[in-house]
Amino acid sequence: MTTAAVETPSKKSFSERMLDGIEKTGNKVPHPVIMFLYLIAFIAVLSAVLAAFDVSVTEDVAIPVNKAELQRVQDALGGSVVPYDTVSGEILEVPDVIIEEQTFDVKSLLAIDGIRFVFSSFVNNFAGFAVVAVTFIAMAGVGVAEKAGMMAALIRKLVKVAPPKLIAFFIVLVGVLSSVASDAGYLILIPLAAAAFVTVNRHPLAGLAAAFAGVACVFAVNVLITPVDSMLTEITNEAIGPNGKPLEITANLYFGIVSSIVMAIVAVIVTQRIVEPRLGKWDPSLGDPAFQGAAGDGDEAAQAAAEARGLKFALYALLVVGVLLLLMTVPSGAPLRDATTGDLIGNTPFMASLIFIISLTFLICGIAFGKGAKTISGSGDVINAVTATFAGLSGLVFMLLMISQFIAFFNYTNLPRVAAVEMAQLLERAGLGALPLLIGLILVIVLLDIIIPGVVPKWAIFAPVFIPIFDRLGVAPQTVLAAYRVGDSPMNSVTPLMVYLPFIVTVAQRYDKKAGLGTIISLMIPYVFAILGAWLLLFTAWWILDIPLGPGSPVSM
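Residues numbered from 1 in each chain as written. Predicted model: local features only at pLDDT ≥ 70, side-chain atom pairs only at ≥ 80, totals over all residues. Heavy atoms only, no water.

### A short note on the overall build of the chain
Stated precisely, the cut-off is as follows: Note on conventions: DSSP H or I runs of at least 4 residues are helices, E runs of at least 2 residues are strands, and numbering of each starts at the N terminus. The buried label goes to any residue with under 20% of its type's maximum accessible area, the exposed label to any with over 50%, and the partly exposed label to all in between, with areas taken from a 1.4 Å probe on protein chains only. By definition in these notes, contact holds between two residues if any of their heavy atoms fall within 4.5 Å. Per-residue and other accessible areas follow the Shrake-Rupley method at a 1.4 Å probe size, with only the shown protein chains counted as cover for residues.
If you tally the helices and strands in the chain, you get 22 helices and two strands. Expressed as a percentage of its 557 residues, the buried residues of the chain come to 45%. Residue pairs at least 24 apart in sequence account for 82% of intrachain contacts in the chain once pairs closer than 6 positions are excluded. With the model as given, the accessible surface of the chain reaches about 27400 Å², and the carbon-plus-sulfur share is 66%.

Pasting the structure below:
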């Protein structure tokens, strides 16, 4: 009698079991809209329980003095009323703020007043949520440029003109820049990077990994102002509240520029020192012959010529926009300077109009490109491009609707203030210092990015909690936001919830038919650890050296 050989499944390694667990947990995480509904239900129940136990905190609050109103009253009374000390009889100068001790009780969302607030404020919560308007304004111009093909052509051009020795750096840096147009980096740059590496006799999967690192692992920063900056800034300002000083969109600009360049260099080092040696020499027989760097046909040559003409038109348009912008900012008394002080940076019309300026620049350059490349024939194409872009934002708008309600309801209950006061007092007693706590925040965000990869949803949850906590410790909101940026991005390339992972696996299979999800994750893990480690060091050095994070944005208050 013969016994059939029974194939015993090989025992999975610890890393494989860990990745399986991450994937299983990640698949159970609900859609962000449903997640925020759960969070609203949770804070409703929590606020009711804490309110039943009369939970409250007492703290000193700085109340701004309305000097303009006092001056109006004084003028109306002929200037005869002045503040003075009742003991000494001396005239006093009116202070900017008055420190007053106040007690804040937790308010229940399930009480009568809470239910009234939920129903009566629902529309106003969304209408007053500035993120929505900022997103539409920012994406209008970018959408036209993307639909016209300018973003794809620009990426192809930059990769093509890069010197062979610097091609990895150019690919990573272009990946970082591609966050200006959300999908372009994933859908265009990553396949292009793999093909570019083939043309210079390097392993295509190394090019794919380098581009993926630039697009995903450094997503939260850029050398340019992006729509993501707009959304993160507005959510931060919602968390700061009406009594705090709101952030400008450039609050993290210096940190973003330096981080983009430094992390691009780190990604290049990982590519050349770790990823490429591990991959070895590429064997073309492993992949699809159609993707082995064959020369383009006549249609591709015609497309390249059209794109070159379009980019030339876009450059001319950019120069015109630049000249007009200089005329509106450089001369004394220019319309975008402050009318009183003449300043350009700070609380000025120029800073307030940056989103519109950037969107308008993309719009004009996108139209010019479309005219040159013949992808836009008239105003109808431009309108259709904007309409299609806005239609593509529908899912984001629905999510922002839920986020706006969550933030408004959360703030109504006073839970953020209670949590901030209690946690800040605990942290103050622990005596750890602000920097270790900021690093702790970064590591928490890194772990949570595995199951909540979206840059906006995570910040919407944590900004109302952590901004007040660090405010009490003397840490400026822009510093907390910079720390969040560091923690948000590195894990993006290895989380199972990355929506582009299946597409990237498909691209990898063009060059290695056996490539799978494990192939991509194993390629990207070195980038995750290297970029996270380098970024933590950069953030720590930034804090110690007390370098401004952006124009008028110091590290500490």
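### Remarks on the packing of helix 6 (residues 150-161) against helix 7 (residues 167-177)
Filter applied, for reference: Fitted lines through C-alpha atoms give the axes, limited to the stretch in contact for helices. The angle between two N-to-C directions lies from 0 to 180 degrees. Oblique is the label for any angle not covered by the other classes, which are roughly parallel (under 35 degrees), roughly antiparallel (over 145) and roughly perpendicular (65 to 115). Throughout, a crossing is termed right-handed when the near helix is turned clockwise from the far one, and left-handed when it is turned anticlockwise from it by less than a right angle. Residues are grouped as follows: nonpolar covers Ala, Val, Leu, Ile, Met, Phe, Trp, Tyr, Cys and Pro; charged covers Asp, Glu, Lys and Arg; every other residue, Gly included, is treated as polar.
For the pair helix 6 and helix 7, the least separation of the axes is 9 Å and the interaxial angle reads 160°. Taken together, the axis directions place helix 6 and helix 7 in an arrangement best described as roughly antiparallel. The hand of the helix 6/helix 7 crossing is right-handed. Across the interface between the two elements, Ile155, Leu158 and Val159 of helix 6 pack against Ile167, Phe170, Ile171 and Val174 of helix 7. For the contact of helix 6 with helix 7, the class distribution of residues is seven nonpolar, no polar and no charged.

### Quick notes on the confidence of the model for the chain
Close reading of the predicted structure is inappropriate where its pLDDT is low. Keep this limit in mind: Along the chain, pLDDT gives the predictor's confidence residue by residue, from 0 to 100.
The pLDDT averaged across the chain works out to 82; a share of 83% of its residues lies at or above 70. Segment residues 293-297: pLDDT under 50, and one contact once partners within four positions in sequence are set aside and those in other chains are kept.

### Re the packing of aromatic side chains
Convention followed: Paired rings are identified among Phe, Tyr and Trp, the last through its six-membered ring, by centres lying within 6.5 Å, and are further divided according to the angle between planes into stacked (under 30 degrees), edge-to-face (over 60) and tilted (the rest).
Inspection of the entire model under this criterion finds 11 aromatic pairs. Measuring from ring centre to ring centre gives 4.4 Å for Phe117 and Tyr412, while their planes differ by 10°; the resulting arrangement is stacked. With Phe117 in helix 4 (residues 112-127) and Tyr412 in helix 16 (residues 394-412), this residue pair connects regions lying 295 residues apart in the sequence. Its relative accessible area of 14% is what places Tyr412 among the buried residues.

### Focus: unusual backbone geometry
Only a minority of non-glycine residues have a phi that is not negative, and only a minority of peptide bonds are not trans. At Lys374, a position not held by glycine, the phi torsion is positive, near 65°. With respect to the secondary-structure elements, Lys374 resides in the loop between helix 14 (354-373) and helix 15 (379-392). Backbone geometry at Asn414 places phi at a positive 70°, although glycine is not the residue there. With respect to the element layout, Asn414 can be found in the loop between helix 16 and helix 17 (415-430).

### Comments concerning the side chain of Ser553
You can see Ser553 is positioned in the segment after helix 22 (517-545). Excluding residues that lie within four positions of it along the chain, Ser553 makes contacts with Ala251, Gln478 and Pro548.

### Remarks on the side chain of Thr413
Positionally, Thr413 belongs in the loop between helix 16 and helix 17. Setting aside anything within four residues of it in sequence, one finds Thr413 in contact with Ser47, Asp105, Val106, Lys107 and Leu109.

### Regarding the nonpolar core
Our working rule: Note on terminology: a nonpolar core comprises buried Ala, Val, Leu, Ile, Met, Phe, Trp, Tyr and Cys residues joined through side-chain atoms within 4.5 Å.
Phe212, Met524 and Tyr527 are the most contacted members of the largest nonpolar core, which has 129 residues in total. The dominant element in this core, judged by the number of residues it contributes, is helix 22, at 13 residues. Those residues in contact with Tyr527 that sit more than four places away from it in its chain are Ala206, Ala209, Ala210, Ala213, Cys217, Ala267, Val270, Thr271, Val275 and Leu532. Of all hydrophobic cores here, the second largest spans 24 residues; its members include Ala145, Ala148, Met151 and Ala373.

### Overview of the environment of Ala334
Mapped onto the fold, Ala334 is located in the loop between helix 12 (298-329) and helix 13 (349-352). Taking relative accessible area as the criterion, Ala334 reaches 6% and is therefore assigned buried. Spatially, the C-alpha atoms of Ala334 and Phe350 are 10.0 Å apart, while their sequence positions differ by 16 residues.

### Describing the packing of helix 5 (residues 130-148) against helix 14
Running from amino to carboxyl end, helix 5 crosses helix 14 at an angle of 20°, the nearest separation of the two axes being 7 Å. Viewed along their axes, helix 5 and helix 14 adopt a mutual orientation that is roughly parallel. As helix 5 packs across helix 14, the resulting crossing turns out to be left-handed. Residue-level inspection shows Val134, Ile137, Ala138, Ala140, Gly141, Val142, Val144, Ala145 and Ala148 of helix 5 in contact with helix 14, the latter providing Ile355, Phe356, Ser359, Phe362, Leu363, Gly366, Ile367, Phe369 and Gly370. Across the contact of helix 5 with helix 14, the residue classes tally to 14 nonpolar, four polar and no charged.

### Considering a nonpolar patch on the surface
What counts is decided by this rule: For patch detection, residues must exceed 30% relative accessible area and be free of salt bridges, and they are connected within 9 Å for like charges or within 5 Å for nonpolar side chains (Val, Leu, Ile, Met, Phe, Trp, Tyr). A pair is scored as a salt bridge if a Lys or Arg side-chain nitrogen falls within 4 Å of a carboxyl oxygen belonging to Asp or Glu.
A cluster of nonpolar side chains, Phe313, Leu315, Tyr316, Leu318 and Leu319, forms an exposed patch at the surface whose accessible area comes to about 490 Å². Along the polypeptide, Phe313 turns up in helix 12. For Phe313, a relative accessible area of 36% translates into the label partly exposed.

### Side note on helix 21 (residues 501-509)
To keep things clear, this is the line we draw: What the arc describes is the spread of directions from the helix axis to the C-beta atoms.
Of all the residues in helix 21, the buried ones are Leu501, Ile504, Val505, Val507 and Ala508. Projected onto a plane normal to the axis of helix 21, the buried residues spread over an arc of 160° and lie on a single side.

### With respect to the pattern of salt bridges
Inspection of the entire model under this criterion finds five salt bridges. One salt bridge in this structure joins Arg202 and Glu276, with 2.7 Å as the shortest N-O distance. Of this pair, Arg202 sits in the loop between helix 8 (184-199) and helix 9 (204-217) while Glu276 sits in helix 11 (residues 253-279), and the two are 74 residues apart along the sequence. With respect to class, Arg202 is no different from Glu276; both count as buried. By sharing partners, the salt bridges in this structure join Asp449, Lys458 and Asp488 into a single network.

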